[in-house]
Amino acid sequence: MSSDSQGSVKGEAAMTLSPSGSASSQGPPLSPSTSSKPQELPDELVQAGWSKCWSKRENRPYYFNRFTNQSLWEVPVLGQHDVISDPLGLNAAPAEGADGNLGNGQRKRRVSEEQGAGPNSFKRPKVEPTTPISPNTPGVKPWSGAPEDKPQPTTQNLTTTPTTPSPAPAPAPAPYRPAVIYWDLDIQTNAVIRERPPANHLPPHPEIELQRAQLVTKLRQHYHELCYQREGIDPPRESFNRWLLERKVIDKGHDPLLPSECEPVISPSMFREVMNDIPIRLARIKYKEEARKLLFKYAEAAKKMIDSRNASPESRKVVKWNAEDTMSWLRRDHSASKEDYMDRLEHLRQQCGPHVTAVAKDSVEGICSKIYHISAEYSRRLRHAHLALLQDSTADPAEPPEQQRLVYCYPVRLSLPSPPQPRVELHFENDVACLRFRGEMVKVNRGHFSKLELLYRYSCIDDPRFEKFLSRVWCLVKRYQVMFGSGVNEGTGLQGALPVAVFEALNRQFGVSFECFASPLNCYFKQFCSAFPDTDGFFGSRGPFLTFCPASGSFEANPPFCEELMDTMVTHFEDLLERSNEPLSFIVFVPEWRDPVTPALSRMEGSRFLRHQLSVPAYEHEYRSGSQHICKREEMYYKAVHGTAVLFLQNAAGFAKWAPTPERLAELMAAYRASPARASPSRASSLSSPGPAPVAPGDKDSASKTAERTQSVESPGSHDNNNNTNSSSSPQDKMSAV
C-alpha cells in the first residue's frame, strides 16, 4: 500500500527554482496524492486532515492524514491518541496505571506498539511541509525520501486482514486549542535563497545551557560591581543587554551568546552608556524641587570626582570654579523656576562635561575591557565542556552544494548530530507549562507551548518521535531567559513585536511572509530569522539575519533598537538589493529618533532604494510585549512612547510587484490604529499566565532623551533600544516632564 499510494511524493518533492527563474512562478509544496474516490467522511475527520484513498495493491480503501502522514485501514476515530499526531500525549486521556512522571516525551509503550509493523502501525517518514526542496544535509534523510527508504510491509501483512485495534478507552478530552492566538503558521514563504550546507554550531544540551546561564549571571554581577566600585554608579539600565547585541554584530567567536572574538575590544555602546551616567545619572524631572536637587548633586559630584582623579590643573580650576559658583547661586536664589534650574544644569554640563569625561575615560575603558575578557574566558570554558560532551558524536564533513540551487528558504540544519538528551520534566499549572531540569524551571504559557510543538513538527527532521522535544524547548526558553536578565521587565524589549493586525495587513497587501528579527516565542510566521541558530533552528529559524542572503521575497524588519545593529542591518539591506534582480522588498520599522537622528534612519532616508516612508506618531500605536509567552493578558500590548518610522526599501522588481500604493498604505495605517480589542476575535489577546507587572511610562530610573529612547525598554515588551547614548543632548530635553 505504501509504495503505490505514495509513489507520487518523490516526484513532487523535487521542485527547484531555475537560477534565472522567479520565486513567484513556483507552486507551494504538494502533498501525497489522494485522488481516487469521492470523500465519504464526516466533516470533523476532513477538517482534521483525513481523506479516503484507494490502494491499488490491496484493491480496497484506506484512510490517509495529510497533516500527520498517518495511514489506517479502519475508519479513524477522533481523539484517539497517536504518537505522531500527538507525540507528547497532551490531548489523550491518561492510560490506567500510567506513570505520569515520565519526562522528555517518554511514556510506557502499549502492547500494540510492541508488536511488529502491521498495516495499522505503519508510520511514514516525516515530511516537512515548509520547504519545496530540501538541502542534501549529511546524515539527515531528506523529506522527499524515495519509496525504497521506507519500511516495507511484509507479504503476510499485505495478504491478511489487518489486526483490528483494541477497543478505545474512555473518550479523550478535546485537544487543547488556545482561545486566542498571535501567529499564523499556515502562511507559506516566498523567500528564496541559494542552497547552503549545514551549520557547524554545536547542538544544544541542557547541561551546557545551565552552565551558560550561571556564567552569564556571574558576568552581570561583575559588571555591576565594577560600575559601583570604580565610578560609584549602578550600571545603566539594559546596557548589558545592548552590549551583548552590539558585540554579536562583530563577534567571530563560537559561543552563541557570550562575545569572545571582537575588534575593537572596547565596546562603543557600553562606553557611551556608562560615560553618560558620570558623574551622576540624570533622572526624568517633573517638579522644580527635583530639578534643584539634581543641579546640586551634579555640581557636588563633579567637584568630588575632579578632586579624587588625576586631572590637569586647568581641569581642576574650571570644574571647581563652576561647581562653587552653582552652589553659591543655589544658596542665594530661592525663587528660580524649574526652567532656570534646567538652564543652569545645561550650562554646568557644557563647562564641566569635557573635563569630567577626560578624567573618567581610562576607568570606563577599563570596565569595558574587563567585562569583555571575562566573557571571552567564559566562552572558552563553555566550548571545552561542550566538546567534551560531544566527543562521541561524529559529523560528516559539510560540503557546499554543487550547484547552489535557488530554493525556498528552510530552517537551519546542524552538521553535528545531537547527543542523547537528559530527562526534562513537564507539568502544567493552570495555563502554564513548566519544564524542569536539575531544579531549574522555565515557564511558558500553554498556548505558546502548543505553538512550539507545531513549529517543531514543521521544522525538525531528526526527531520524528519528539524524544528530544522537551529538552530542546528547555534550552530555547532558558537561552532567552538568560539574555533578558533577572530584573523586572528587563530585556523583554529585545523581543517586542508588531500587532497581529499589522502583520495581517503586511501579508495581505505587500506579500510579507518572513520576519527578519524574531524568535520562536514571538514570531508570527513560521519562517523567520533569529539570534540563536543552534536552539532556534529546530523551531523554524533561518539563522541570524546578518548572515541570511535572500535572492527574492517580501520581508518585515523590526530590529532590536540598538544603533550599531540597525546600522549594520542597513548595510546588509543595500547589499542584498544591489545584487538581486528578482523581486525583493524590505518593510522596516525603526524608532523615529530625531534629536539627534540615528545613523541607520538617516542612511535609509537617503537610500536610492527607498520607495516610501510613513511616520506613526507616539502614543497612537502599540507593540506586542516581548514577554508574551508568559505575561498576563492585560500586559500583552503597550503604547509606544516614541514615533515609529516605516520605510519601504525595494529594488525595481520588488517595487513593481509590491508597490506602496495609497490604497495599500491606507490599509496598513488602519491596521496600526486598530486596538487589540477591535482585532479579530481569534487573534486579539493572549492567554492569561503569570508575568511581570507593567512599569509606568514616567518611571524615573532612565535619563533623558535618553529617557525617551530607554522608555520603550521600561514598558513591558518594548524593543531593545538605545539608552543613554548621546551626551550632546541637553539635560533640559533629557529631563523634561512627560
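About the cut-offs
Residues numbered from 1 in each chain as written. Predicted model: local features only at pLDDT ≥ 70, side-chain atom pairs only at ≥ 80, totals over all residues. Heavy atoms only, no water. Salt bridge = Lys/Arg side-chain N within 4 Å of Asp/Glu carboxyl O. Helix = DSSP H or I, 4+ residues; strand = E, 2+ residues; numbered from the N terminus. Buried < 20%, exposed > 50% of the residue type's maximum accessible area, 1.4 Å probe, protein only. Core = buried A, V, L, I, M, F, W, Y, C linked by side-chain atoms within 4.5 Å. Contact = heavy atoms within 4.5 Å. pLDDT = per-residue confidence, 0-100. Pairing = 2+ DSSP bridges. Axes fitted to C-alpha atoms, helices over the stretch in contact; angles between N-to-C directions.

Looking now at the pattern of salt bridges. By the definition in use, this model includes 29 salt bridges. Linking R438 and E207 is a salt bridge whose minimum nitrogen-to-oxygen distance equals 2.6 Å. Of the two residues, R438 sits in the loop between strand 7 (432-437) and strand 8 (440-445) while E207 sits in helix 6 (residues 206-231), which places them 231 residues apart along the sequence. With a relative accessible area of 61%, R438 lands in the exposed category. Notably, a salt bridge pairs E564 with R272, separated by 3.3 Å at the nearest N-O pair. Remark: R272 occurs in helix 8 (residues 268-276) and E564 occurs in helix 16 (residues 563-579); sequence separation between them is 292 residues. Both residues of the pair, E564 and R272, belong to the buried class. The structure contains a network of salt bridges with shared partners spanning E209, R212, D255, R479 and D534.

The subject of this paragraph is the nonpolar core. Counting 157 residues, the largest nonpolar core has F545 and F586 as its most contacted members. Take this core: its biggest share by element is 16 residues, from helix 11 (residues 338-389). Those residues in contact with F545 that sit more than four places away from it in its chain are C516, F517, C529, M569, H572, F573, L576 and F586. Counting residues in hydrophobic clusters, the runner-up holds five residues, among them L41, W50, Y63 and L72.

Below, the discussion takes up the confidence of the model for the chain. Here the chain averages 77 in pLDDT, and 70% of its residues register 70 or above. The lowest-confidence element of the chain is helix 5 (residues 155-159), averaging 34 in pLDDT; the highest-confidence one is strand 9 (residues 514-515), averaging 98. Segment residues 1-39 is flagged for pLDDT under 50; beyond a separation of four residues in sequence, or across chains, it makes 81 contacts in the model. Within the model, the stretch residues 676-738 combines pLDDT values under 50 with 235 contacts to residues more than four positions away or in other chains.

Looking now at the sheet that holds strand 7. With antiparallel pairing, three strands are arranged side by side in an open sheet as 6-7-8. Single-partner strands in this sheet number two, and they are strand 6 (425-429) and strand 8. The mean angle between the axes of side-by-side strands here comes to 25 degrees, regardless of whether they run parallel or antiparallel. Across six bridges, strand 7 lies against strand 8 in antiparallel orientation. Of the residues in strand 8, the one forming a bridge with F437 is E440. On the sheet, helix 12 (residues 446-459) packs against strand 6, strand 7 and strand 8 and is oriented at approximately 95 degrees with respect to strand 8.

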